[in-house]
Structure formats: structure tokens, C-alpha cells
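The primary structure of each chain is shown beneath.
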Amino acid sequence: MPDNLPKKNDATIGYFTVVDDPRTGWTGGLLVLDRAGRPLEFQCTLPVRPTRAHEILFGPTLRSHLVAQVIGKLLISKCRTPLSLICCDLPEGLKLESFTKSPVALVLEATTVDGQPVAANDFVGSEAVQLAGSTFLVPMERHAELDAIANFYIDLPDAVEPFERIREAVKEAHSQLSRQGSEAA
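This is a predicted model, so every value here is computed, not measured. (Residues numbered from 1 in each chain as written. Predicted model: local features only at pLDDT ≥ 70, side-chain atom pairs only at ≥ 80, totals over all residues. Heavy atoms only, no water.)

Trainee: Where do I start with the pattern of salt bridges in this structure?
Mentor: Close approach of charged atoms allows side chains of opposite charge to pair. According to the stated counting rule, one finds 11 salt bridges in the structure shown. Glu97 is paired through a salt bridge with Arg142; the nearest N and O atoms lie 2.9 Å apart. Of this pair, Glu97 sits in the loop between strand 4 (86-88) and strand 5 (104-107) while Arg142 sits in the loop between strand 9 (134-139) and helix 3 (143-149), and the two are 45 residues apart along the sequence. Ionic contacts of the salt-bridge type, sharing partners, join the residues Asp89, Glu164 and Arg167 into one network. (Salt bridge = Lys/Arg side-chain N within 4 Å of Asp/Glu carboxyl O. Helix = DSSP H or I, 4+ residues; strand = E, 2+ residues; numbered from the N terminus.)

Trainee: Where do I start with the pairing of strand 5 in this structure?
Mentor: Neither face of strand 5 is left uncovered, since the one carrying Val104 and Leu106 and the one carrying Ala105 and Val107 both have all their residues buried. In the sheet, strand 4 pairs with strand 5 via three bridges, with the strands oriented parallel. Residue pairing for strand 5: Cys87 is matched across the bridge by Ala105. Pairing of strand 5 with strand 9 involves two bridges; the strand directions are antiparallel. Bridge pairing in strand 9 places Val107 opposite Phe136. (Buried < 20%, exposed > 50% of the residue type's maximum accessible area, 1.4 Å probe, protein only. Pairing = 2+ DSSP bridges.)

Trainee: Sorry, what's going on with the pairing of strand 3 (residues 39-44) here?
Mentor: Note that strand 2 (residues 25-34) and strand 3 share five bridges and pair antiparallel. Residue pairing in the sheet places Leu31 in a bridge with Phe42 of strand 3. The turn joining strand 2 and strand 3, which pair antiparallel and follow one another in sequence, is formed by four residues; a positive phi near 95 degrees is taken by Gly37.

Trainee: What am I meant to see in the state of the cysteines here?
Mentor: In protein structure, a disulfide is the covalent linkage between the sulfur atoms of two cysteines. By the definition in use, this model includes zero disulfides. Looking at Cys44, it has no disulfide partner, and the nearest cysteine sulfur is the one in Cys79, 13 Å off. Free cysteine Cys88: the closest other cysteine sulfur is in Cys87, separated by 7.6 Å. (Disulfide = S-S within 2.5 Å.)

Trainee: I tried to follow the environment of Phe152 on my own but got confused; where do I start?
Mentor: As for its placement among the helices and strands, Phe152 is situated in the loop between helix 3 and helix 4 (161-184). For the pair Phe152 and Ala68, spaced 84 residues apart in sequence, the C-alpha separation works out to 27 Å. Not counting the four nearest positions on each side in its chain, Phe152 is found in contact with Pro6, Lys7, Lys8, Ala11 and Arg35. (Contact = heavy atoms within 4.5 Å.)

Trainee: Just checking my understanding: could you explain the packing of aromatic side chains for this structure?
Mentor: Two numbers describe a pair of aromatic rings. These are the distance of the centres and the angle of the planes. Applying the stated criterion across every chain, the model contains one aromatic pair. Summarising the aromatic geometry, the rings of Tyr15 and Phe163 are spaced 4.9 Å apart at their centres and angled 80 degrees between planes, so their arrangement reads as edge-to-face. Of this pair, Tyr15 sits in strand 1 (residues 12-21) while Phe163 sits in helix 4, placing them 148 residues apart in sequence. With a relative accessible area of 0%, Tyr15 lands in the buried category. You can call Phe163 buried: its relative accessible area is 0%. (Phe/Tyr/Trp six-rings, centres within 6.5 Å; stacked < 30°, edge-to-face > 60°.)

Trainee: What should I look at first to understand helix 2 (residues 62-78) in this one?
Mentor: Side chains of residues three or four places apart in an α-helix project in the same direction, reflecting 3.6 residues per turn. Over its 17 residues, helix 2 runs 23 Å from end to end, which matches the ideal 24 Å to within 8%, given 1.5 Å per residue. Gly72 marks where helix 2 bends most, by close to 40 degrees. Within helix 2 the residues assigned to the buried category are Leu62, Ser64, Leu66, Val67, Ala68, Ile71, Gly72, Leu75 and Ile76. In this structure, the buried residues of helix 2 make contact with strand 1, strand 2, strand 3, helix 1 (52-58) and strand 4. (Expected span 1.5 Å × (residues − 1). Bend = angle between axes of the 7 residues up to and from the residue.)

Trainee: When you look at the sheet that holds strand 9 in this model, what are you seeing that I'm missing?
Mentor: Within a sheet, adjacent strands bond to each other through the backbone by hydrogen bonds, running parallel or antiparallel. Taking strand neighbours across the sheet as the criterion, the seven strands line up as 3-2-1-4-5-9-8 in an open arrangement whose pairing is mixed. Because the sheet does not close on itself, it has two edges, and the strands there are strand 3 and strand 8 (126-131). With strand direction ignored, the average angle separating the axes of adjacent strands in the sheet is 30 degrees. In this fold helix 2 packs onto strand 1, strand 2, strand 3 and strand 4, with an angle of close to 40 degrees to the strand it touches most, strand 2. (Axes fitted to C-alpha atoms, helices over the stretch in contact; angles between N-to-C directions.)

So, in C-alpha cells, the structure goes:
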């Protein structure tokens, strides 16, 4: 078991998702919570709008590139709170492992692909840990680490709901940007 585990009282959990809005573009959010689900920090990006050239050049890898390498990497680098665990609801979010020392878990009950629910066996090389009534999938080499800190989060009321908080905060940020734009005109 890794010796770099957080202390129970210092344990945090970061929630990461990206909202793809046809009008505004791709906006990412990172909500950092304490062990009981209370917010400690929130970061969000400005909307990212890939050009037609990006769409052509990146092809089917554009989504993965935007989610992990552009948006996720930026949010992780801006985060001021040390993260014990990062949760995502997008399979592409698992690629955040490249930018952090924290385990990155996919919250299965919050994840869909093309609007359809996914199953644990869709993610070869991942193992499940049960936490706050949900299934967290991590790469098998990080399973022991997540299993060791899972009991830190026994007060976490819901493992899925924070993603909705991020989406609502992003929607609010978009409406504020729209208001500012219309006031400036």
C-alpha cells in the first residue's frame, strides 16, 4: 500500500466534468469537497470552441484531447487544494492520471456514453471500489490506494450529485457571461 496516503482529516475529493454546449463550447469544472461533501474550492474554464481545422485534424480523438489534455490538465494545475481523489463522469477523464499523483476514479452511476449507461466490464483493466452508494472504477494498479482511503469518505452523502452542482455552476457562469456581453453592447 502506498505510503503517500492523505491523513483522514485532510482527505479531499475533487469532482471533474465537462459540459459541451453547442452555443458556448466545452466548459470544464472542478469542484473540491471535504470528506462530508462540503465545498472547499471550485474552478471552471472559459468555454473552449474547437475550430473546424481542429475537428478535422483530431478526428475521433478530439473529445479525449479537449476533456483531458486541454480542460482537465488546466483545472488540475489551477487547483490550490491538495486532492486525495479525483472523480469524473466521463471516461476520457480517466486520462487525468497523467497530470496528478492522486487516483482518478470514474463514478459508474454518473457515467454515460452516447446517452447510454455504462457497465464496469466496459473498462478493461479497471477495478471497482464501493463508496457513498456508488461504484468507483480505478485502474487496477490504483485499486489498493483507493480502497485504503475509501473509509475516509464514509460521511459523503452522495457520489453522483456533485456532478450536477458543477453543471449548474457552469450554467450560471454562462448566463453571467451572457449578461456581461449584453451589458457591454
